[in-house]
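Now for the letters of each chain:
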Amino acid sequence: MNMMTLWHISGWEFAALALAALLVGFSKTAVSGANTVSLAVFAAVLPARASTGVLLPLLIAGDILAVLTYRRHAHWPTLWRLFPAVGVGVVAGTLFLVRAGDGIVRTSIGAILLLMTGITLWRRRAAARPEPEGAADGGVGAGAPADGWARANGPVADGAAVATRAGRTTAGAYGVLGGFTTMVANAGGPVMSMYLLSAGFRKLGFLGTSAFFFLIVNVSKVPFSAALGLIDGHSLLLDAALLVFVVPGAFIGKWAVNRINQQLFDRLVVAATVVGALELLLS
């Protein structure tokens, strides 16, 4: 019995999975939010719960390629602040998966992603409003937005907003949501994309920090997924066939990211997040 017969998929369905695997590699080295489109394709072709187990090893492969590419740009203080909250979210997501059906999972994740996108866009618009007269004299401390979005002179340094009390609270909230969404549907990418953008990360800092974040988090999810029966010999067989498409996707992303300016990069991340969320809600 071959792999396609084992999973009851047609040639066209395998082609869709291959394209989604290519997009996994691209999202890891270019536009992170695009990964939710891969999630939607896998959930459409395969059973929704089983699709998360198939997708996880491919995500880890993409994470390794991203770490090799952007390892010098990671902001570790941000990562250390996120990990405890992420752990809480992963445990909560595991308990949720034990009880929830596929439909509830997809609807919940899609709604969370749209909510996070709306909040980030609102904060960005608020931060872009003109400063009160004289505020510029106080420098970054007086006039810069707490979430790090650019005013006239551009954003603050990568991760600068995380050091504030509000920044730590925000990191905790996004960490729990990121851990929860990544565990139940491998959909933590858009949540963390919104957090890193709102915290003021520029393109390379964004990619380096998210690369290490997801490599560590996704590897830590493997025992939970295996215990739930989401990763087994059948899923790994399909992974072996799809892995060859992740690598060229990562190289395409690396080529593209050097040709995308910061403003376009931000817009692509937000747009990909919205598209992925709508796919989850409507599928």
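Quick caveat, the model's predicted, so the values are computed rather than measured. (Residues numbered from 1 in each chain as written. Predicted model: local features only at pLDDT ≥ 70, side-chain atom pairs only at ≥ 80, totals over all residues. Heavy atoms only, no water.)

Caption draft 1: Layout of the overall build of the chain. For the chain, the count of helices and strands is 12 helices and 0 strands. Long-range pairs, those at least 24 residues apart, make up 81% of the contacts in the chain between residues at least 6 apart in sequence. (Helix = DSSP H or I, 4+ residues; strand = E, 2+ residues; numbered from the N terminus. Contact = heavy atoms within 4.5 Å.)

Caption draft 2: Spatial organisation of a nonpolar patch on the surface. A cluster of nonpolar side chains, contributed by L114, L278, L281 and L282, occupies part of the molecular surface with about 340 Å² of accessible area. With 3 residues, helix α12 (residues 262-282) is the largest single contributor of residues to the nonpolar patch. Structurally, L282 can be placed in helix α12. For L282, a relative accessible area of 72% gives the class exposed. (Patch = residues over 30% accessible without salt bridge, like charges linked within 9 Å, V, L, I, M, F, W, Y side chains within 5 Å. Areas by Shrake-Rupley, 256 points an atom, 1.4 Å probe, with all protein chains shown as cover. Salt bridge = Lys/Arg side-chain N within 4 Å of Asp/Glu carboxyl O. Buried < 20%, exposed > 50% of the residue type's maximum accessible area, 1.4 Å probe, protein only.)

Caption draft 3: Spatial organisation of the packing of helix α2 (residues 11-29) against helix α3 (residues 35-45). Contact geometry for α2 and α3: axes closest at 8 Å, N-to-C directions at 160 degrees. Comparing the axis directions of α2 and α3 gives the class roughly antiparallel. Crossing handedness for the pair α2 and α3: left-handed. Contacts between α2 and α3 involve E13, A16, L17, A20, A21, L23, V24 and S27 from the former and N35, V37, S38, V41, F42 and V45 from the latter. (Axes fitted to C-alpha atoms, helices over the stretch in contact; angles between N-to-C directions. Parallel < 35°, antiparallel > 145°, perpendicular 65-115°, else oblique. Left-handed = near helix turned anticlockwise from the far one by under 90°.)

Caption draft 4: Structural view of empty space enclosed by the protein. All told, the structure shown has 4 cavities of 30 Å³ or more when counted by the stated rule. Of the voids in this model, the largest cavity is the one considered here, and its volume is about 120 Å³. Along its surface, the largest cavity is lined by 15 residues, and K28, S32, D63, G189 and F214 are the ones closest to its centre. Looking at the lining of the largest cavity element by element, the count peaks at 5 residues for helix α10 (residues 203-227). Per-class residue counts for the lining of the largest cavity are 4 nonpolar, 9 polar and 2 charged. Counted as a void, the second largest cavity has a volume near 110 Å³. Along its surface, the second largest cavity is lined by 13 residues, and A48, T52, V105, V184 and A185 are the ones closest to its centre. Of all the secondary-structure elements, those providing two or more residues to the lining of the second largest cavity are α3, α4 (48-70), α6 (102-127) and α8 (165-185). Of all the elements, α4 adds the most residues to the lining of the second largest cavity, at 4 residues. Class assignment of the residues belonging to the lining of the second largest cavity gives a composition of 8 nonpolar, 2 polar and 3 charged. (1 Å grid on protein atoms, 1.4 Å probe; cavity = no way out; pocket = protein on both sides within 12 Å on 5 of 7 lines; lining within 4 Å. Points joined across faces, edges and corners; volume = space filled by probe spheres on them. Nonpolar A, V, L, I, M, F, W, Y, C, P; charged D, E, K, R; others polar.)

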